Amino acid sequence: GGAWFDDVRVDASGRTTLVDGKAWGGFVLPQAQFWINDVLGQADRQVRAISAAGLQDSVKIEWQVSTPEAASEISKLLQRNNYGQIDVVVVPKKG
């Protein structure tokens, strides 16, 4: 168990964002069950960890993916499964 994040950011207002970079690339397909289970498992662990610590109102979770297509599919999946508090943003790979 446990929840892992790649980075922690604190903005000027003091709001904390836990950042998790994802490298799912070509695996994000709407019909591919193997990645759906992984995404939902990670979302559940991270949201539960924030809630267990009593930080759900002061800490934001952000997942970074490299393509708009992945961001769209992951966002839709999270919304459908009540993990809308996780923000999915596109950060293109460098190089």
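Residues numbered from 1 in each chain as written. Predicted model: local features only at pLDDT ≥ 70, side-chain atom pairs only at ≥ 80, totals over all residues. Heavy atoms only, no water.

## Quick word on the sheet that holds strand β3 (residues 59-65)
- Strand order in the open sheet made by the 4 strands is β1-β2-β3-β4, with mixed pairing throughout. Each edge of the sheet is formed by a strand with only one pairing partner; in this case those strands are β1 (7-10) and β4 (86-90). Averaged over all pairs of adjacent strands, the angle between strand axes in this sheet comes to 30°, irrespective of strand direction.
- Along the sheet face, helix α1 (residues 33-52) touches β2 (16-21), β3 and β4 and points at about 155° away from the line of β3. (Pairing = 2+ DSSP bridges. Helix = DSSP H or I, 4+ residues; strand = E, 2+ residues; numbered from the N terminus. Axes fitted to C-alpha atoms, helices over the stretch in contact; angles between N-to-C directions. Contact = heavy atoms within 4.5 Å.)

## Some words on the pattern of salt bridges
- Evaluated as defined, the whole model comprises 4 salt bridges.
- Note that arginine 48 is salt-bridged to aspartate 44, the shortest N-O span being 2.8 Å. With arginine 48 and aspartate 44 both in helix α1, this residue pair falls 4 residues apart, about one helical turn.
- Overall, the relative accessible area of 56% leaves arginine 48 in the exposed class.
- A salt bridge links aspartate 87 to lysine 60, with the nearest nitrogen and oxygen atoms 3.7 Å apart. Note that aspartate 87 is positioned in strand β4 and lysine 60 in strand β3, a separation of 27 residues in sequence. (Salt bridge = Lys/Arg side-chain N within 4 Å of Asp/Glu carboxyl O. Buried < 20%, exposed > 50% of the residue type's maximum accessible area, 1.4 Å probe, protein only.)

## What to know about helix α2 (residues 68-80)
- In this model α2 runs 18 Å from its N-terminal to its C-terminal C-alpha over 13 residues, within 8% of the 18 Å that 1.5 Å per residue would give.
- Check the buried side of α2 and you find it contacts α1, β3 and β4.
- Positive phi appears at asparagine 82, one or two residues downstream of α2, with a value of about 65°. (Expected span 1.5 Å × (residues − 1).)

## Considerations on the nonpolar core
- Residues Val39, Trp63, Ile74, Leu78, Ile86 and Val88 are the most contacted members of the largest nonpolar core, which totals 19 residues.
- In contact with leucine 78, other than residues within four places in its own chain, are Val39, Ala43, Trp63, Tyr83, Gly84, Ile86 and Val88. (Core = buried A, V, L, I, M, F, W, Y, C linked by side-chain atoms within 4.5 Å.)

## Points about the side chain of glutamine 46
- With respect to the helices and strands, the residue glutamine 46 is situated in helix α1.
- Since its relative accessible area comes to 3%, glutamine 46 is described here as buried.
- Excluding its chain neighbours within four sequence positions, the residues that come into contact with glutamine 46 are Ala3, Trp4, Phe5, Asp20, Lys22, Ile61 and Trp63.

## Points about the packing of α1 against α2
- Where α1 meets α2, the axes come as close as 11 Å, and the angle between the chain directions of the two elements is 60°. By the angle between their axes, α1 is oblique relative to α2. As α1 packs across α2, the resulting crossing turns out to be right-handed. In this structure, α1 uses Trp35, Ile36, Val39, Leu40 and Ala43 to contact α2, whose residues at the interface are Glu73, Ile74, Leu77 and Leu78.
- Looking at side-chain class alone, the contact of α1 with α2 contains 8 nonpolar, no polar and 1 charged residues. (Parallel < 35°, antiparallel > 145°, perpendicular 65-115°, else oblique. Left-handed = near helix turned anticlockwise from the far one by under 90°. Nonpolar A, V, L, I, M, F, W, Y, C, P; charged D, E, K, R; others polar.)

Bear in mind that shape data such as this cannot, by itself, settle questions of function.
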